[in-house]
Structures are given as C-alpha cells and as structure tokens.
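Fold and geometry: a report
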Amino acid sequence: MSVEFRELECFVVLSEELHFTRTAARLYTSQARVSQLLRHLEDRIGARLFERSSRRVRLTPQGELFLAEVRPAYVTLTGAVDRAKARARGIEGVLRIGFVGTPYGALLDLVGDFRARHPQARADLVEMPLSDPFGPVLRGEIDAAFVTLPVGDPTLRTGPVIAADPLVLGVSTRHPFARRARVDAEDLADCVFVEIAGPAPAPWRELQSPTVTPGGRPIPRGPGAGTLQEVLSLIAGDHGVLLFCAQFAAYNGRPDVAFVSVTGLSESAVTLTWRRGDETALLRAFVAASGRQVVPA
C-alpha cells in the first residue's frame, strides 16, 4: 500500500519533537490523530519506528534508518509545495524599495522579516536623493519607498508609521551650538539653514529645513543641496545647519559634524509609500510586514 504524505509529515515532526503533544500542536491536530498516523505508517512499513512509554519517545534503529533516507525527500517535497503556494499567491519576485540617507534599525528589521516570511521574494534597497524622495515612486522606477512624513501627493498611499524619532540639529563642530547639550526650537532663528533642493515638495522640506521657528521667527537660508552627503559637507564647512532624525545621527557620525538635541519640535516619522493602484500581492505582503514592524518613539 502507498504511504501518504501526512503520515511522513507526522513521522518527521515527531522525530524532531519526540513528544506527541508538541507534534500535535505543530501539525494543528490531536494527539490521537498523531498516534493514528504513526500506527498506519508502521503498519505499511512492517516495523516499529518509535519506542514510546509514559516517560519518553525515541526512534528505534529502524526509525533512525528510515529518517535518514526519508528526510531529504521530505524537505525537497515540502519546499516545492511552499514555493508552489507562494507562486499561487504571487508572493515571489523582487521589490525595489527606496530610502533616503541610511536604512537604519527598524527599516532593516522590516526587510529581514519580509525575507524570512517569504523566502521566494526579495526586497532590494535603492538609495534616493534627498531632493527627490517621491519622484522614483511616482515614475515607477521603484515599487515603494521609506519616506519621512508628510506625504501630500494624492496619487500615493501610505502605510503605518514604522519609526518615530526626535529631531536633532546637525552643526559644524566649530559652531557655537556644538558645545551645548540641547537647543530650543526658537534658537534655530540664529542659524543659517541648508536649503533642500527641489523637486522635493515644500511642506516636506520644511520639516528638515524650516523657514520659520514655531514662534514665527524667520530662519536665514543658506546654500542648497540635493543629497545628504552634500548636506553633511556643507555643515562640516560651516556653511549651514540642518535637522535630522536621531537615528540618522546615530548611524552617520563624523568627526567634523555634531548633532544637538532640539526641544519644541515634533518628531520625525517614517512610513512606507507607494502608488495607488500598484498593489501587487508581493507589495501587499511587504506592506503587511511593515504593519508588524511599527516601532514606538
């Protein structure tokens, strides 16, 4: 008589757990069903595969030999089934996910979680310029992007907040603020800010390069920059300052730039954005993973 796949599955799992209750839990079935499947398999083979008592379960010599021969085929078969299921759901292929600056902490954890859950899929990270955080998504060059809120374009959708951080001020180590533990948001009027070049929308640029303090004091404008490396170089050369999220500062320290805490400003919040109507099964799976990866401030 032919051996059924469920019987082999039960045998392999029980050989790993050596415990009927845990085996039943892994197989989402009852202990009685585990015993029945094992008994059917042993009847088909004509030999005992496990020695079991009230205290322990262990493989017999026949069971050990059978496991050594059947496990490679079982792994190959289950892998083929998993891959077929993934293809049927569309959870395979490559996603291109944009980022600005550094894909730190929670963002890397999200990519890792997605890859672990969907081994037939891949999420490749693509760096975007500071001056154009939404353009690559809108032009279809990438599938989605990690971006700092706000996202004001109605053609884009956003997921939950993935990471939220306080803002810090990046200044030259020769700047008077570099020796302070923190500054107030109203003190920003005493700084010259690096301009973030377009086409980044003005409300988005205002978060990192504000034109007025919360109290309405105007903030002087300095030279423009299109990438974060350009910004850091301008700051190091005493040509201006800029606001960054605290995690960026932690990942991008350099000896000629200091990062100073700022009080009186809202947090920087990062989310995932993508074009409306472009939600493939693969992208939906990544968005679902982003919902599990939400990190509190």
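Preceding this section is the structure that the text describes.
A brief look at the structure comes next. (Residues numbered from 1 in each chain as written. Predicted model: local features only at pLDDT ≥ 70, side-chain atom pairs only at ≥ 80, totals over all residues. Heavy atoms only, no water.)

**So, a nonpolar patch on the surface**
Where nonpolar side chains cluster on the molecular surface, the patch consists of Phe5, Leu77 and Val81 and spans about 230 Å² of accessible area. Here Phe5 is to be found in helix H1 (residues 5-17). When its relative accessible area of 35% is taken as the criterion, Phe5 is described as partly exposed. (Patch = residues over 30% accessible without salt bridge, like charges linked within 9 Å, V, L, I, M, F, W, Y side chains within 5 Å. Areas by Shrake-Rupley, 256 points an atom, 1.4 Å probe, with all protein chains shown as cover. Salt bridge = Lys/Arg side-chain N within 4 Å of Asp/Glu carboxyl O. Helix = DSSP H or I, 4+ residues; strand = E, 2+ residues; numbered from the N terminus. Buried < 20%, exposed > 50% of the residue type's maximum accessible area, 1.4 Å probe, protein only.)

**Focus on the pattern of salt bridges**
For the structure on display, the rule yields 21 salt bridges. Of the charged contacts, one joins Arg44 and Glu4 as a salt bridge, the two residues approaching to 3.8 Å between their closest N and O atoms. Here Glu4 lies in the segment before H1 and Arg44 lies in helix H3 (residues 31-45), a separation of 40 residues in the sequence. Exposure remark for Arg44: the relative accessible area of 25% places this residue in the partly exposed category. With relative accessibility at 43%, the residue Glu4 sits in the partly exposed group. Between Arg117 and Asp113 there is a salt bridge, and its shortest N-O distance comes to 3.2 Å. Placement of both Arg117 and Asp113 in helix H5 (residues 105-117) is noted, with a separation of four residues, approximately one turn of the helix.

**What about empty space enclosed by the protein?**
Summed over the entire model, instances satisfying the criterion amount to one cavity of 30 Å³ or more. In this structure, the largest cavity spans a volume of roughly 270 Å³. Along its surface, the largest cavity is lined by 20 residues, and Val100, Tyr104, Thr148, Cys245 and Val270 are the ones closest to its centre. Elements that contribute at least two residues to the lining of the largest cavity include exactly strand S3 (93-100), strand S5 (144-148), helix H7 (202-208), strand S12 (242-245) and strand S14 (268-275). Broken down by element, the residue count for the lining of the largest cavity peaks at three residues, all from S5. Here the residues of the lining of the largest cavity are counted per class, giving 15 nonpolar, five polar and no charged. (1 Å grid on protein atoms, 1.4 Å probe; cavity = no way out; pocket = protein on both sides within 12 Å on 5 of 7 lines; lining within 4 Å. Points joined across faces, edges and corners; volume = space filled by probe spheres on them. Nonpolar A, V, L, I, M, F, W, Y, C, P; charged D, E, K, R; others polar.)

**Some details on the sheet that holds strand S8 (residues 167-172)**
Taken in spatial order, the four strands make up an open sheet running S9-S13-S8-S12, and their pairing is mixed. Strands with a single pairing partner mark the edges of an open sheet, and in this sheet they are strand S9 (182-184) and S12. Neighbour to neighbour, the strand axes of the sheet diverge by 45° on average, direction disregarded. Inspection of the sheet shows S8 paired to S12 by four bridges, in the antiparallel sense. Bridge pairing in S12 places Gly170 opposite Leu242. Most of the contacts of helix H8 (residues 228-236) go to S12, to which it runs at about 125°, and overall it touches S8, S12 and strand S13 (257-263). (Pairing = 2+ DSSP bridges. Axes fitted to C-alpha atoms, helices over the stretch in contact; angles between N-to-C directions. Contact = heavy atoms within 4.5 Å.)

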